[in-house]
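Letter by letter, the chains look like this.
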Amino acid sequence: MKNFVKAIDKTQAAFKYLRGKCPGLSEAKIKEGVFVGPQIHELLRDDAFDHALCGYAARYQELAKKIKEQVPDAEISDEVGRKGSFEVKINGKLIFSKIETSGFPFSEDIVEAVKKIKDGGSCEKIIRNKKICILQ
């Protein structure tokens, strides 16, 4: 775990999440990756840490920014879902699911769907996606 924590970019969401999750540890100890067994097991089971580590927060922020650029009055919110999920809903309707498509959405497809619905139209589920690479 020590090398794992050392490898995390200190400016990204995963490290910030660790910082908030372990308030009793000093900045120096977190940077050194000093964790005890129960903390390690808790983090590995934590879906929010998984989302932060895998860049889901950054992908969400990027998508939200692009939506706001094109549809300034759009109300956007996020929530941590189940492990491995990245879902986009418009007015409660699921329009994209990473679990179903095995990839992340193209932002232009989501922005276009938001525009259509805002203008009173409808939108079919989006299946076009950016495939992800999983190394095992």
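Above: the structure in question.
Residues numbered from 1 in each chain as written. Predicted model: local features only at pLDDT ≥ 70, side-chain atom pairs only at ≥ 80, totals over all residues. Heavy atoms only, no water.

Engineer: So what about the pairing of strand E2 (residues 93-97)? Which residues, and what values?
Structural biologist: For strand E1 (residues 87-90) and E2, the ladder comprises four bridges, and the chain directions are antiparallel. By the bridge assignment for E2, Glu87 is matched with Ser97. What sits between the antiparallel neighbours E1 and E2 is a turn of two residues, in which Asn91 has the positive phi angle 50°. (Pairing = 2+ DSSP bridges. Helix = DSSP H or I, 4+ residues; strand = E, 2+ residues; numbered from the N terminus.)

Engineer: Any details on the environment of Glu75? Residues and values, ideally.
Structural biologist: Among the structural elements, Glu75 can be located in the loop between helix H6 (56-70) and E1. On the accessibility criterion, Glu75 (81% relative accessible area) is exposed. Along the primary structure Glu75 and Ile90 are separated by 15 residues, whereas in three dimensions their C-alpha atoms are 9.7 Å apart. (Buried < 20%, exposed > 50% of the residue type's maximum accessible area, 1.4 Å probe, protein only.)

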